[in-house]
Amino acid sequence: MVSLLAYDGEYLGKMDNRGNTAERMFARSLLTQRDADRLRLLKAFGILIGNNDRHYGNIALLIDAAGDWKLAPAYQPPLKMQPKPRSAPVGRLSWPLQPCIDPSW
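Because the structure is a prediction, the values reported are computed rather than measured.

Take the packing of aromatic side chains next. Considering all chains together, one arrives at two aromatic pairs under this definition. Pairing Y7 with Y11 gives two aromatic rings, centres 4.7 Å apart and planes at 45 degrees, and the pair type is tilted. Placement of both Y7 and Y11 in helix α1 (residues 4-11) is noted, with a separation of four residues, approximately one turn of the helix. Given the relative accessible area of 2%, Y7 is considered buried. Overall, Y11 belongs to the partly exposed group, its relative accessible area being 47%. Measuring from ring centre to ring centre gives 5.2 Å for Y7 and W69, while their planes differ by 65 degrees; the resulting arrangement is edge-to-face. With Y7 in helix α1 and W69 in strand β3 (residues 69-71), the pair connects residues that are 62 residues apart, well separated along the chain.

Time to look at the pattern of salt bridges. Tallied over the full model, the rule gives five salt bridges. Between R40 and D37 there is a salt bridge, and its shortest N-O distance comes to 2.1 Å. Placement of the pair is R40 and D37 together in helix α3 (residues 33-48), with a separation of three residues, close to one helical turn. Among the charged side chains, a network of salt bridges with common partners joins E23, D37 and R40.

One recurring pattern in soluble globular proteins: nonpolar side chains tend to sit buried together. If you look at the biggest cluster of nonpolar residues, it comprises 12 residues: L4, Y7, L12, A22, M25, L31, A36, L39, Y56, I59, L61 and L71. Not counting the four nearest positions on each side in its chain, L31 is found in contact with M25, F26, A36, L39, L61, W69 and L71.

Criteria and thresholds
Residues numbered from 1 in each chain as written. Predicted model: local features only at pLDDT ≥ 70, side-chain atom pairs only at ≥ 80, totals over all residues. Heavy atoms only, no water. Phe/Tyr/Trp six-rings, centres within 6.5 Å; stacked < 30°, edge-to-face > 60°. Helix = DSSP H or I, 4+ residues; strand = E, 2+ residues; numbered from the N terminus. Buried < 20%, exposed > 50% of the residue type's maximum accessible area, 1.4 Å probe, protein only. Salt bridge = Lys/Arg side-chain N within 4 Å of Asp/Glu carboxyl O. Core = buried A, V, L, I, M, F, W, Y, C linked by side-chain atoms within 4.5 Å. Contact = heavy atoms within 4.5 Å.

Pasting the structure below:
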């Protein structure tokens, strides 16, 4: 098991956001489409619930018997969440929640 922080630092070198990282990894055949989609979903979910501890060290990758990297099951150390009040937006979402499509997710 290795953190996305260590993996990105070694193989990609650009930690801008999990959605873009998922795209880069999929484009280079470093992740399956399913795992890239899951990584984008984890980013969106973290924004939705107000998790302000969304860093690359909280995502892990596993290597399988064939030597391919897979996204590990989601986990989160104790959350450092500070949900925003209804009057403040969370990322690109606003309260009450409205549908939002953002391709960078």
